[in-house]
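# Chains, contacts and geometry: an overview
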Amino acid sequence: MTREQVEQALRRVEQLTDQARPALDRAAGLMAQNVWTGPAAERFAANWPLSARP
């Protein structure tokens, strides 16, 4: 590859990264939420992880 081709490829990678970043940030935010609620979630959380319990 020529230097120009490498520079074009790097610019394209930056463009694609800029396009994908909002979707990835949103997905990470959704995964970070506590999506389980109620008594069942509380029981699960109280027992997880079992190896960390004293």
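If you're wondering where the values come from, they're calculated on a predicted model, not measured in any experiment.

Taking 1.5 Å as the rise per residue, helix 1 (residues 3-32) with 30 residues should run 44 Å; its terminal C-alpha atoms sit 41 Å apart, in good agreement. The largest bend along helix 1 measures about 35 degrees and falls at A20, with the proline P22 one to four residues further on.

Before going further, it helps to spend a moment on a nonpolar patch on the surface. Residues V35, W36, F44 and W48 make up a contiguous nonpolar surface patch of roughly 520 Å² in combined accessible area. With respect to the secondary-structure elements, W36 resides in the loop between helix 1 and helix 2 (39-46).

So, on to the pattern of salt bridges. Tallied over the full model, the rule gives 2 salt bridges. Between R3 and E7 there is a salt bridge, and its shortest N-O distance comes to 3.1 Å. Linking R3 with E7, this pair stays in helix 1, spanning 4 residues, or about one helical turn. The partner of R21 in a salt bridge is D18, with the nearest N and O atoms 3.5 Å apart. Separated by 3 residues within a single helix, R21 and D18 lie in helix 1, roughly one turn from each other. R21 gets classed as partly exposed once you look at its relative accessible area, which sits at 41%.

The rules behind the values
- Residues numbered from 1 in each chain as written.
- Predicted model: local features only at pLDDT ≥ 70, side-chain atom pairs only at ≥ 80, totals over all residues.
- Heavy atoms only, no water.
- Helix = DSSP H or I, 4+ residues; strand = E, 2+ residues; numbered from the N terminus.
- Expected span 1.5 Å × (residues − 1).
- Bend = angle between axes of the 7 residues up to and from the residue.
- Patch = residues over 30% accessible without salt bridge, like charges linked within 9 Å, V, L, I, M, F, W, Y side chains within 5 Å.
- Areas by Shrake-Rupley, 256 points an atom, 1.4 Å probe, with all protein chains shown as cover.
- Salt bridge = Lys/Arg side-chain N within 4 Å of Asp/Glu carboxyl O.
- Buried < 20%, exposed > 50% of the residue type's maximum accessible area, 1.4 Å probe, protein only.

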